[in-house]
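Observations on the model geometry
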Amino acid sequence: MSIAIFDMDGVLYRGSQVMPYAKEALDRLRRAGWDVFFATNNSTATRLDYLRRLQTLGLGGDLDHIVTSGYATAHYLERRNPKPKDVLVIGADGLREEVRAVGISVRDANTLPGSHPPPDAAADGVDPGAMRRYLVSLDLPAAPDAVVVGLDLHLTYAKVAEAQRAILAGAEFVCSNRDRAYPVEGRLLPGAGTIVAAIEIATGAKAVCIGKPEPFLFEEVIRRAAKPHGDRVVVVGDSTDYDMVAAHRVGAAGVLITTGLTEKDALKAASGDAVPDRVVHSLEELFDLGEFAGA
Ligand SMILES: [Mg+2]
């Protein structure tokens, strides 16, 4: 069976708006016997959250065909030998849930050292020394055996300090993705990569990255599809640096769709693995490509 892997945001929808021909394209591929998967670098939501979203938008799909970077991260940890037993997550609840779902114990965000500073220490611009004294006075638990980092909208200095302490004590260092930016309604916010970089600087260590452009996310999709050898895999995405690079790293064909391109010159500037095999300007145009012949 042939495998189609769709990036979601910017390809099938933007915010709450479904892209033209999204539903038709997915139905058409499924009817023609393609195994259609959804993959995202976002680790803040669980697969179940994505399933609900796809259903609300009328795009179909089921849990078995959704792979997030959080889910792929959890399965990466599960396959490690030795498998980590005690993980510190700097990230969202969605990421913690996925790691717990593979039977790994995750520290509760609310109990991390430094998460409850007294008011004089917590107030910015009042008494910086109070925060320092609070942090160094904490009773620290044994370090976890792995640190997993994703997008954390509640990042604090204390969390970075705890990740630093764990990694310097020998914990494995894994991140769900290194996205520079987090595009949300009408503006850009800092992405998970911003936080990963801070912890890399603090430790001198380099995180193993699971999300695109690294191959692990798509490898997880292909593993789940149990692809018979020799079948074709096509990735449809809107990013040269992430989707196209990751596609090529797993031996898939990369189709770039220009509907969601956030960086205007990205296509012109692309080199090496970032260069798409095909470029389309709409989902309908996919069916003009030889890759999707017969669908
Ligand atoms: Mg995208």
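Here is what the cut-offs are and how they apply
Residues numbered from 1 in each chain as written. Predicted model: local features only at pLDDT ≥ 70, side-chain atom pairs only at ≥ 80, totals over all residues. Pairing = 2+ DSSP bridges. Helix = DSSP H or I, 4+ residues; strand = E, 2+ residues; numbered from the N terminus. Contact = placed C-beta atoms within 7 Å. Axes fitted to C-alpha atoms, helices over the stretch in contact; angles between N-to-C directions. Core = buried A, V, L, I, M, F, W, Y, C linked by C-beta atoms within 7 Å. Buried ≥ 20, exposed ≤ 12 C-beta atoms within 10 Å, placed from the backbone. Domains from an automatic or database assignment. Left-handed = near helix turned anticlockwise from the far one by under 90°. Nonpolar A, V, L, I, M, F, W, Y, C, P; charged D, E, K, R; others polar.

Once that is clear, we can look at the sheet that holds strand β8 (residues 146-149). The strand order across the open sheet formed by 5 strands is β7-β6-β8-β9-β12, and the pairing between neighbours is parallel. Of all the strands in the sheet, just β7 (105-106) and β12 (208-209) have a single pairing partner and so form its edges. With 4 bridges joining them, strand β6 (residues 86-90) and β8 adopt parallel strand pairing. Its bridge partner being in β8, valine 89 is matched across the sheet by valine 148. Helix α8 (residues 192-203) contacts β6, β8 and β9 (172-175) of the sheet and is inclined by roughly 145 degrees relative to β8.

The next thing to look at is the nonpolar core. Formed by 78 residues in total, the largest nonpolar core has its most connected members in Ile5, Phe6, Phe37, Val147, Val149 and Phe218. Each of two domains, domain 1 (3-41 + 213-292) and domain 2 (81-209), supplies a minimum of three residues to this core. With residues up to four places along the chain from it excluded, the contact list for valine 147 reads Leu88, Ile90, Ala163, Ala166, Ile167, Ala171 and Phe173.

Glancing now at unusual backbone geometry. In the segment running from asparagine 81 into proline 82, the intervening peptide bond is cis, with an omega of 5 degrees. Topologically, proline 82 is positioned in the loop between α3 (69-79) and β6. Omega for the bond connecting lysine 212 with proline 213 falls within 30 degrees of zero, at 10 degrees, which places this linkage in the cis form. Assignment of secondary structure puts proline 213 in the loop between β12 and α9 (216-225). Unusually for a residue other than glycine, tyrosine 21 sits at a positive phi of about 70 degrees. Among the secondary structure elements, tyrosine 21 is positioned in the loop between β3 (17-18) and α1 (22-31).

This part takes up the packing of α3 against helix α4 (residues 93-101). Helix-helix packing is characterised by the crossing angle of the two axes and by the distance between the axes. Between α3 and α4, whose axes approach to 8 Å, the crossing angle comes to 35 degrees. With respect to the hand of their crossing, α3 and α4 are arranged in right-handed fashion. From α3, Gly70, Tyr71, Thr73, Ala74 and Leu77 reach across to α4, where they touch Gly94, Leu95, Glu98, Val99 and Ala101. Tallied by class, the residues present in the contact of α3 with α4 amount to 6 nonpolar, 3 polar and 1 charged.

Let us now look at the domain arrangement of the chain. Quoted interface sizes are often the accessible area lost when the parts come together. When the domains of the chain are assigned, the result is domain 1 (3-41 + 213-292) and domain 2 (81-209). Between the C-alpha centres of domain 1 and domain 2 the distance comes to 31 Å. Taken residue by residue, the interface counts 4 residues in domain 1 and 5 residues in domain 2. Classifying every residue of the side of domain 1 that touches domain 2 by side-chain character gives no nonpolar, 3 polar and 1 charged.

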